[in-house]
Amino acid sequence: MAREKWGSKLGIILAVAGSAIGLGNFLRFPVQAARNGGGAFMIPYFIALLLLGLPLIWVEWTIGRFGGGFGHSTAPGMFHSMWEKNKFIKYFGVIGIFGPIVIFVYYIYIESWLLGYSFFALFGKYNACTTRETMTAFLRGYQGLAQNEHFSGIAPAYLFYLAAFAINIFIIWFGVSKGIERACEWALPILFIFAVVLAVRVLTLGSPDPAKPENNVINGLGYLWNPQWAKLTNAKVWLAAAGQIFFTLSCGIGVILTYASYLRKQDDVALSGLTAAGTNELAEVILGGSIVIPAAFVFFGPTEIGKIAAAGPFDLGFVTMPLVLQKMVFGNILGFMWFMLLFLAGITSSISLAQPAVAFLEDEFNLSKKKASMVLAGVTFALTQPAIFFIGNGVVDELDFWGGTFCLVLFGTIEAILFAWVFGMERAWTEMHAGSDITIPRVYRFIIKYITPVFLLLVLGFWFYQEGIDFILLKGAEKGNIPYIIATRLMLVVFFVVLSYMVWRAWKRRATPTTGVGANQYNQSNVGRGNQ
Ligand code: PFF
């Protein structure tokens, strides 16, 4: 089977930027910044970008293109190609399929709320909710957590979930260049236009209450950006910044590996990776920082805003923003733009999360693209059900912890060490620059070899000590939720074991001469690789 390829250089850049630009940019980032020191948060944030994010981006693009040369689009095969003497390394690669699916199954459900809310905004369905309490009741009714005058069951949420799910599978079904690339070519420009319109609208807001002129945009921006230096000595702030960089860049999880595997061997990775990351940062820091927090500040003022930021990203997105936008002229249209912007940002991220599993089935089990998409649909559909029906019992938080935090940092650490120390920095550097449009500053040789792995090990260690252990031991979990949390963990363990077994099977099959990776693919490989 011929391997798929991207249609153009812009295509893959948009696809990777599309994966990176997501709910994380518009909701998670402003909340993290507001909670962790405002402008001061940007110092650890940019340090993490330069010392963790960018190096990992280059590492992942390079490993991905390298693995693609061996006919592998996912981490088990890629890791094996980089360290062929080691029998176990491919099982670490399982995280690069497992992690994205775990994120996918809850991310897609939240994405479907955005589709629902786009319609609700357009048709004024929540117009009667004018206070935080009533808007929260609307959200809880929609999620099936309460029965009220707005919703009497979960049916509407379920229908929107089915629609969002179908759209994702439809895009994946069409494959890399006809599905993912095309979807991103459409979605990203629309998303940017909507974000710019909303940011301009927010930044030109006058203060709505003449008695409180201090509730204005400048003070709103000040709330987000004025540095609180004292927070910088708190390790938690550094962890939050590193976590945000991982999440927003979609790195440390395996999706960039898969996307980059569809490159040709002489395609540039250094400049393309940098461009995609830069586009994400523009969307995050400039646009993501100019919408929710300043808007909420103008309408709710300095005392309320602290509570709003503390209530978290969902509250900000689904309660505060609709309330704020309703108060503006053309509120319904602006509301539609807000939710549609997030929905599009969500879709271009969720398809990237689904692709590693599809690629794994195609490459290692010779399934056709369509069959692989159907298997993915069946498995993820089943795995999402607990997230939908037991959202009130901590299931989504559990999936987010393992998929969106733990796997990211762990997998990123494995990749960085494997690349710089096992594969070897000399080979790694040559491979990074094969076909490159830019020369990466030499200081990055040092950073990738020493600083990134050490920084990652520190983050992993601190995070495990400060939050991980308590979470794993269920400290602070509500008593009633514990059975659900344990059931979710069991489900994840079973899923991980099944994937590992599949890797074992695939390699066993490969050992027989007729089904191995052909000499052709081997010869197409890039510089400096070892034996398969
Ligand atoms: N980067 C996405 C966001 O900012 O919302 C989330 C994400 C997508 C994380 C894909 C990880 C990933 F592999």
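All chains use their own residue numbering, which begins from 1 and follows the written sequence. Whole-chain, interface and lining totals are the exception, using all residues; otherwise, since this is a predicted model, local features are given only for residues with pLDDT of at least 70 and side-chain atom pairs are given and counted only at 80 or more. Side-chain metrics in this entry use all non-hydrogen atoms of the structure; hydrogen atoms and water are not considered.

A.B. asks: For the pattern of salt bridges, give the residues involved together with the corresponding values.
C.D. replies: By salt bridge we mean one thing: a side-chain nitrogen of Lys or Arg within 4 Å of a carboxyl oxygen of Asp or Glu. With the rule as written, the count across this model stands at nine salt bridges. Between Asp363 and Arg3 there is a salt bridge, with the nearest N and O atoms lying 3.6 Å from each other. With Asp363 in helix H16 (residues 331-365) and Arg3 in the segment before helix H1 (9-20), the pair connects residues that are 360 residues apart, well separated along the chain. Only protein chains enter the accessibility calculation, which uses a 1.4 Å probe. A residue is then buried if its area is under 20% of the maximum for its type, exposed if over 50%, and partly exposed in between. For Arg3, a relative accessible area of 19% corresponds to the buried category. Across the salt bridge formed by Lys307 and Glu304, the nearest N and O atoms sit 3.0 Å from each other. With a gap of three residues between them, Lys307 and Glu304 both fall in helix H14 (residues 292-311), about one helical turn apart. Of the residues examined, Lys307 reaches a relative accessible area of 57% and is grouped as exposed. Each helix corresponds to a stretch of at least 4 residues labelled H or I by DSSP, and each strand to a stretch of at least 2 residues labelled E; elements are numbered beginning at the N terminus.

A.B. asks: Could you give me a rundown of helix H13 (residues 270-287), with the residues and numbers involved?
C.D. replies: Helices are assigned an expected span. That span is 1.5 Å times one less than the residue count. The terminal C-alpha atoms of H13, which comprises 18 residues, lie 25 Å apart, in line with the 26 Å expected from a rise of 1.5 Å per residue. For H13, the complete set of buried residues consists of Ala270, Ser272, Gly273, Ala276, Ala277, Asn280, Glu281, Ala283, Glu284, Val285 and Leu287.

A.B. asks: Run through the nonpolar core, naming residues and quoting values.
C.D. replies: Judged by nonpolar contacts, the single largest core of 193 residues is most densely connected at Phe26 and Trp338. Setting aside chain neighbours within four positions, we find Phe26 in contact with Ile21, Leu191, Ala195, Ala283, Leu287, Gly288, Ile291, Val292, Trp338, Leu341 and Leu342. As used in this record, nonpolar core signifies buried Ala, Val, Leu, Ile, Met, Phe, Trp, Tyr and Cys residues forming a set joined through side-chain atoms within 4.5 Å. By definition, residues are in contact when any of their heavy atoms lie within 4.5 Å.

A.B. asks: Give a description of the environment of Val298 that names residues and reports values.
C.D. replies: Within the secondary structure, Val298 is located in helix H14. Discounting residues that sit within four places of it in the chain, Val298 has contacts with Leu205, Gly206, Pro208, Asn215, Asn216 and Val217.

A.B. asks: Account for the site of the ligand, naming residues and giving values.
C.D. replies: Distances are taken per atom, and a residue is near a molecule or strand as soon as one of its heavy atoms is within 4 Å of it. Every one of the 15 residues lining the ligand counts as a neighbour, but Ala20, Gly24, Tyr107, Phe247 and Ile253 are closest to it. Distance and chemistry together define a polar contact, namely a pair of N or O atoms within 3.5 Å, with one atom able to donate a hydrogen and the other to accept it when in protein, and with adjacent residues in sequence counting only for side-chain atoms on both sides. Backbone polar atom of Leu23 to an oxygen atom of the ligand: 3.1 Å apart, as the coordinates give it. One of the side-chain nitrogen or oxygen atoms of Asn25 is found 3.3 Å away from an oxygen atom of the ligand. Shrake-Rupley sampling with a 1.4 Å probe provides the accessible areas, and residues are treated as covered by the protein chains on show and by no other component. Within the complex, the protein chains bury 100% of what would otherwise be the 340 Å² of accessible surface of the ligand. Looking at the shell around the ligand, the elements that each hand over two or more residues are H1, helix H2 (23-35), helix H11 (235-249) and H16. Grouping the amino acids of the shell around the ligand by side-chain chemistry returns seven nonpolar, eight polar and no charged. Gly is put with the polar residues, along with every residue not named as nonpolar or charged; the nonpolar set is Ala, Val, Leu, Ile, Met, Phe, Trp, Tyr, Cys and Pro, and the charged set is Asp, Glu, Lys and Arg.

A.B. asks: Could you give me a rundown of unusual backbone geometry, with the residues and numbers involved?
C.D. replies: One non-glycine residue, Phe330, lies in the positive phi region at around 60°. By secondary structure assignment, the location of Phe330 is in the loop between helix H15 (313-326) and H16. A positive phi angle, close to 65°, is found at Leu474, a residue other than glycine. Among the structural elements, Leu474 can be located in the loop between helix H19 (443-472) and helix H20 (482-511).

A.B. asks: An account of the packing of aromatic side chains is needed here, citing residue identities and associated values.
C.D. replies: Whether two aromatic rings pair depends on their centres lying within 6.5 Å, for rings of Phe, Tyr and Trp, where Trp uses its six-membered ring; planes under 30 degrees apart make the pair stacked, over 60 edge-to-face, and the rest tilted. Counted according to the given criterion, the structure contains 52 aromatic pairs. With centroids separated by 5.5 Å and ring planes inclined at 85°, the aromatic side chains of Tyr45 and Phe46 adopt a geometry described as edge-to-face. Its relative accessible area of 0% is what places Tyr45 among the buried residues. A ring is scored as having a charge over it whenever the NZ atom of a lysine or the CZ atom of an arginine sits within 6 Å of its centre and within 35 degrees of its normal. For Lys125, the ring lying beneath its charged end belongs to Phe151, and the centroid distance is 4.8 Å. Geometry around Trp421 places Lys449 over its ring, the cationic atom sitting 4.8 Å from the centre.

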